[in-house]
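Read off the chains here:
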Amino acid sequence: MTKLAVENFSFRYREDGPEDLKQINWAPTPGSFNLLIGSSGSGKSTLLKAMTGLLPQFGGAITTGQITLDDLPIATVAPFERAKRFALLFQNPSRQFAMATPADQITFALENIQTDASLIPEQVATALAAVDISTLANQKLMTLSGGEKQKVALATILALGSEYILLDEPFANVDPHARHELMHLLKTLQIEYGKTIIVADHDFSGYTTLVDEVYQLSNHQLTQTDASVLNACITANPFFPAPSRNNLSPLALIDVRIDMAGRNLLQSANFALPAGQLGLLSGVNGSGKSTLFAAITHQRSYQGTITWQGQDSQKIKLKQWAQLVGLVFQDALDQFVALTVADELTLSQQHSHLPDYWTDARIQRTLTQLDLAEHTNANVYQLSGGQQKKLQVLSMLIMGQPVLLLDEPLAGLDMDSMHQVLDLIQTSLRDNQMSALMISHQRIGLKPYVDYEISLHERHLDTGGTQ
Amino acid sequence: MTLNPSVLLIVLLGIGFPMAFTQSIVANTVVCCIALLYLITHHANLKTIGLVTLVSLPLALGTGWSFIAFGTGDVWQQAWLQVSRLFAYLYLGMTLTLTTKVKEMLLSFVLHLHLSPTFAYGLLAAFNLLPRIQRQVKIIRYSANLRGITYHLWQPQLYFKAILSAIQWSDDLAQGMASHGFSEGFPRTMTYQDKLPKWQWLLAGLLILIYLLLSLFL
């Protein structure tokens, strides 16, 4: 059994910056299921990447201590030797593959660890079967859903034979059903294959019965806590009413139908967006929520009519349409136009539809509320995932389009940050009579903010609220 | 017969390099004909060949015209030489790019021409990213629209952002590859195998020799 140990380890990304990890000591028990928790920006990703040797190889520097693999410093072990012992599953499933199909990707990984060529086809098949995706073997990775991609990543790690499986928020882009499935798959791997599982996550639901040990990162330091912290946050899923049918916004869908690659995703959707309210668009992953947003924002084709004040929206040029319906992208980096936080906000302020509302003073106040005030000169690409989400939402709220679509604005946010962002959205909507529709897999904690719910279910847009 | 991509590359370079210096219209025309014949017998997409020819026609005419208008000596000979050279390069290049898949091509270079696997897999990953880059450019233009700005295709800001995204991806990709055990400078198994009989190298040498003789004496 391999022994992975973090010894008095401190790390920082920037030479003149603060330490991102401070004196971490951790030797995960072999064969255990560990959950690593901590607010966004607390250093969970950094720790996992350091434990797999990706840091400092890809940036930053160790300031004290070391991480060892069987008592050897991890940096002295070649990547192919490391991969046989531990592997990391990344947060963004689409960015970890070099090859075009699942079979090619797993073959590539097995070639890297110098598996005998004659054994590779069989091992590829076994790995795909273990996570139940044999049918996807030769499909293009680009066409798979988030959950399917994470299964491919997991199959690759299984094929490599890694004893430690580290997962960095692996469910951030995965629907609840696939999440449940993947979590139990991990448990099976622990029990039947003796793997050591380390998952970083801030959505605690479902872990209580699975985990052996819980670790918490706060103020860049690691402490072991007991599993009771997981229960504290779990409450029943809230229910939301149906959308109101009076006081409507100018946006409506009439008989909208969406096909994707010959497959029908949405059948005849009719919906008028209520004014001045925040709606929740729910539905399992792959049901077409983001695709519906893409249709509404004219980023993809659809049949039927999307109207603005009763007129066909296709008669409006994209440039103008983008000033009527705003979109908060799922991937924060897609949103940013400028390089620094300050430039990003100035840009929005210059083109804002609500210049009197978004004064310098209000923006400054909001930045403080969002814990972003200290980062105004920071490069947007260097912010943590959570900070990027906050900046992204704020930039679009300052723009102040009358209708705003938000695609997973809460993904990757811890509870505190989530409330900060929802508070901000709610206040801006109320003060300016804007209308918004939000996609979120996270339901817990939404009760005080969400006015109504519509859901995409088996190709139908259900506007009856939660039954 | 199908030539191995590595052999095709050697033929390409072996003929392409001297072609830049030789003065033989006949040799260039022969290259065009043989290349076209190879393309047609290997079921290359005729539409693509036609389109490439059509697009390069005005360029060829422009080049030819400039030699006729501003050249010295036998201007017609010079013009035809340039035009035939342009098409010879074009069809010669297509014999490789239109008849082989990128993956087969790169892995063949690794097997037979000592191309570094790091380079090959890096390039392969980049090719797999191409459709995503196209989509990204669309997203960048739309995200600018959302903020009240318009990026036209000729504006450098658009490409600056595209390059930023690509750098971000390349870093993620490098980490993903390392995490899946890819190690620079270490041996790795190659499951990809292709046929390269010795006669293909002989044929390559022969083709290059024939071109050199043709271009010297005709």
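Definitions and limits used
Residues numbered from 1 in each chain as written. Chains lettered and ligands numbered in written order. Predicted model: local features only at pLDDT ≥ 70, side-chain atom pairs only at ≥ 80, totals over all residues. Heavy atoms only, no water. Helix = DSSP H or I, 4+ residues; strand = E, 2+ residues; numbered from the N terminus. Rg over C-alpha atoms; globule rule 2.2 N^0.38 Å. Buried < 20%, exposed > 50% of the residue type's maximum accessible area, 1.4 Å probe, protein only. Contact = heavy atoms within 4.5 Å. Areas by Shrake-Rupley, 256 points an atom, 1.4 Å probe, with all protein chains shown as cover. Lys, Arg positive; Asp, Glu negative; His and termini not counted. Charge placed at Lys NZ, Arg CZ, Asp CG, Glu CD. Axes fitted to C-alpha atoms, helices over the stretch in contact; angles between N-to-C directions. Parallel < 35°, antiparallel > 145°, perpendicular 65-115°, else oblique. Left-handed = near helix turned anticlockwise from the far one by under 90°. Pairing = 2+ DSSP bridges. Salt bridge = Lys/Arg side-chain N within 4 Å of Asp/Glu carboxyl O. 1 Å grid on protein atoms, 1.4 Å probe; cavity = no way out; pocket = protein on both sides within 12 Å on 5 of 7 lines; lining within 4 Å. Points joined across faces, edges and corners; volume = space filled by probe spheres on them. Nonpolar A, V, L, I, M, F, W, Y, C, P; charged D, E, K, R; others polar.

## Observations regarding the overall build of chain A
- Scanning chain A for helices and strands turns up 14 helices and 20 strands.
- The globule rule puts the C-alpha radius of gyration for 467 residues at 23 Å, and the 23 Å found for chain A is close to it.
- By its C-alpha atoms, chain A is 70 × 50 × 40 Å across when sized along the principal axes.
- Per-residue burial for chain A yields a buried fraction of 57% across its 467 residues.
- Contacts in chain A between residues far apart in sequence, at least 24 positions, make up 73% of those at least 6 positions apart.
- Carbon and sulfur atoms make up 49% of the accessible area of chain A, which totals about 18,700 Å².
- Taken as two groups, the 32 positive and 46 negative side-chain charges of chain A have centres that lie 5 Å from each other.

## Observations regarding the packing of helix α3 (residues 102–112) of chain A against helix α4 (residues 120–130) of chain A
Residue and element names in this part refer to chain A.
- Running from N to C, α3 and α4 cross one another at 120°; their axes reach a closest spacing of 10 Å. As summarised for this structure, α3 and α4 are arranged oblique, according to the angle between their axes. Taken as a pair, α3 and α4 cross one another with a handedness that is right-handed. Packed against α3, whose contacting residues are Pro-102, Ala-103, Ile-106, Thr-107, Leu-110 and Glu-111, the element α4 presents Ile-120, Gln-123, Val-124 and Leu-128 at the interface.

## Considerations on the pairing of strand β7 (residues 164–168) of chain A
Residue and element names in this part refer to chain A.
- Burial analysis of β7 places five of its five residues in the buried class, which makes it a mostly covered element.
- Side-chain alternation along β7 places Tyr-164, Leu-166 and Asp-168 on one buried face and Ile-165 and Leu-167 on a second face that is also buried.
- Direction of pairing for strand β6 (residues 86–89) relative to β7: parallel, over a ladder of four bridges. Of the residues in β7, the one forming a bridge with Ala-87 is Ile-165.
- Of the pairings in the sheet, the one linking β7 to strand β8 (residues 196–200) comprises five bridges and is parallel in character. Opposite Asp-168, over in β8, you have Ala-200 as the bridge partner.

## Topic: the pattern of salt bridges
- Summed over the entire model, instances satisfying the criterion amount to 11 salt bridges over all chains.
- Here A:Lys3 makes a salt bridge to A:Asp71, at a shortest N to O gap of 3.4 Å. Here the residue A:Lys3 occupies a position in the segment before β1 (4–12), and A:Asp71 occupies one in the loop between β4 (61–69) and β5 (72–73), the gap between them amounting to 68 residues.
- Under the relative-accessibility criterion, A:Lys3 is labelled partly exposed at 41%.
- For B:Lys103, the salt bridge is made with A:Asp104, and the minimal N-O distance between the two is 3.2 Å. Remark: A:Asp104 occurs in helix α3 and B:Lys103 occurs in helix α5 (residues 102–113); the pair is interchain, linking two chains.

## Considering empty space enclosed by the protein
- Under the criterion given, the structure shown has three cavities of 30 Å³ or more.
- Computed from the structure, the largest cavity encloses a volume of approximately 50 Å³.
- If you trace the largest cavity, you find it lined by A:Thr52, A:Leu54, A:Pro79, A:Arg82, A:Ala83, A:Phe86, B:Ala178 and B:Ser179.
- Those elements that provide at least two residues to the lining of the largest cavity are α2 (79–85) of chain A together with α7 (156–179) of chain B.
- Among the elements that make up the lining of the largest cavity, the one with the highest residue count is α2(A) (three residues).
- Among the residues forming the lining of the largest cavity, the class breakdown is five nonpolar, two polar and one charged.

## Considering the pairing of β1(A)
All names here are of chain A.
- Here β1 pairs with β4 via seven bridges, running antiparallel. Bridge pairing links Ala-5 to Thr-68 in β4.
- Pairing geometry for β1 and strand β2 (residues 21–26), over three bridges, is antiparallel. Note on β2: the bridge partner recorded for Phe-9 is Ile-24.

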